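Working through the structure, step by step
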Amino acid sequence: MADKPEILDTRTVAQSQLFRVEAVDLRFSNGAEVTFERMRGSGRVGAVIIVPVTGDGTLKLIREYGVGTERYELGLPKGRVESGEDMLVAANREIMEEIGYAAERLTPLRALSLAPGYFGHRTQVVLAEGLYPDPAPGDEPEPLEVVDWPLADLESLVLEDEFSEGRSIAALYLARDFLRQREGGGGTLR
């Protein structure tokens, strides 16, 4: 494996409330010098995406408006980890706010990157089990619709047009495979 490129210079070329675009001048181990642009976040700690699964294998999904796609999208609860907040506390807070449940068990599965060529942001996938009603007020501009979906019917879900977010799709496969492995391949989650 080659040595990491040397960062020669980094400068801000554009900025908004949420993002800062940086130009990064790099020198690779073969001497090639290139300028890349990357998006930097607003300095927040990170984010979580939660796979809430009931005891009978039902997923708790949300339907919310996505301004990027200009339509309602079906996906998993997610949100940012506040400064100083534990990642699992953030995951439980987000499901309380978005689906009205808390979890007895929260299992971090792995962190996902979105587009590592442009973003340094990572989202931690968390499996939430032992769900019980415990709603908390959230910061959404309108109430979110909670949609139940059997995890055993994952293949149909990923073919739904309104279920298009890559992190949600990846998180569901990670959770399903984790549950299958833990349960020895059997149970209701096939």
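The structure under discussion appears in the preceding block.
The notes below deal with the structure included here.

Our focus in this paragraph is the pairing of strand β2 (residues 20-27). Of all eight residues in β2, six are buried; the element is thus mostly enclosed. Sheet topology places strand β1 (residues 6-15) next to β2; eight bridges connect them, and they run antiparallel. Bridge pairing in β2 links glutamate 6 to arginine 27. Where β1 folds back onto β2 in an antiparallel hairpin, the turn is made up of four residues. Between β2 and strand β3 (residues 33-40), which pair antiparallel one after the other, the connecting turn spans five residues, and glycine 31 there sits at a positive phi close to 95 degrees.

Going through the model one piece at a time under the given rule, you end up with two aromatic pairs. Centre to centre, the rings of phenylalanine 28 and phenylalanine 36 are 6.4 Å apart; their planes meet at 70 degrees, and the pair counts as edge-to-face. With a centroid separation of 5.5 Å and 70 degrees between ring planes, the pair formed by tyrosine 65 and tyrosine 72 is classed as edge-to-face. Given the relative accessible area of 41%, tyrosine 65 is considered partly exposed.

What follows concerns a nonpolar patch on the surface. A contiguous nonpolar surface patch, about 330 Å² in accessible area, is contributed by Tyr65, Val67 and Tyr72. Turning to its location among the elements, tyrosine 65 is positioned in strand β5 (residues 58-66).

Our focus in this paragraph is helix α1 (residues 87-98). In a regular helix each residue adds 1.5 Å, so twelve residues correspond to 16 Å; α1 covers 16 Å between its end C-alpha atoms and thus fits that length. When α1 is considered as a whole, its buried residues turn out to be Ala90, Ala91, Asn92, Glu94, Ile95, Met96 and Glu98. Packing partners of the buried residues in α1 comprise β4 (46-52), β5, β7 (78-81), β8 (101-113), β9 (122-133) and β10 (145-150). The opening residue of α1 is aspartate 86, an N-cap whose side-chain oxygen sits 2.9 Å from the backbone nitrogen of leucine 88.

Among the nonpolar cores identified, the biggest contains 20 residues, and Val51, Leu59, Leu61, Leu76, Leu157 and Leu172 are the most heavily contacted of them. Elements that contribute at least two residues to this core include exactly β4, β5, β9, β10, α2 (154-158) and α3 (166-182). Counting residues per element, this core draws most heavily on α3, at four residues. In this structure, Ile50, Ile62, Ala128 and Leu144 belong to the second largest nonpolar core, which totals 13 residues.

Reading the values: the criteria
- Per-chain numbering applies: the sequence of each chain, read as written, is numbered from 1 onward.
- Per-residue local features of the predicted model are confined to residues with pLDDT of at least 70, and side-chain atom pairs are confined, for both listing and counting, to 80 or more; whole-chain, interface and lining totals are unaffected and use all residues.
- Only heavy atoms go into the side-chain values, all of them from the structure, while hydrogens and water stay out.
- When accessible area is computed with a 1.4 Å probe and restricted to protein chains, residues below 20% of their type maximum are described as buried, those above 50% as exposed, and intermediate ones as partly exposed.
- Every helix listed is a DSSP run of H or I at least four residues long, and every strand listed is a run of E at least two residues long, numbered separately from the N terminus.
- What makes two strands pair is DSSP finding at least two bridges between them.
- Geometry of aromatic contacts follows a simple scheme: Phe, Tyr and Trp rings, the Trp one being its six-membered ring, pair when their centres are within 6.5 Å, and the pair is stacked under 30 degrees between planes, edge-to-face over 60, tilted otherwise.
- Patch construction takes residues with relative accessible area above 30% that form no salt bridge. Like charges are linked within 9 Å, and nonpolar side chains (Val, Leu, Ile, Met, Phe, Trp, Tyr) are linked within 5 Å.
- For the accessible areas, the method is Shrake-Rupley and the probe is 1.4 Å, while residue cover comes only from the protein chains on display.
- Think of a salt bridge as a Lys or Arg side-chain nitrogen and an Asp or Glu carboxyl oxygen that are within 4 Å of each other.
- A helix is expected to span 1.5 Å for every residue after the first.
- In this description, contact between two residues means that some pair of their heavy atoms is separated by no more than 4.5 Å.
- We call two N or O atoms a polar contact when they sit within 3.5 Å, provided that within protein one can donate a hydrogen and the other can accept it, with sequence-adjacent residues counted only if both atoms are side-chain atoms.
- By convention a nonpolar core is built from buried Ala, Val, Leu, Ile, Met, Phe, Trp, Tyr and Cys residues, the set being connected through side-chain atoms within 4.5 Å.

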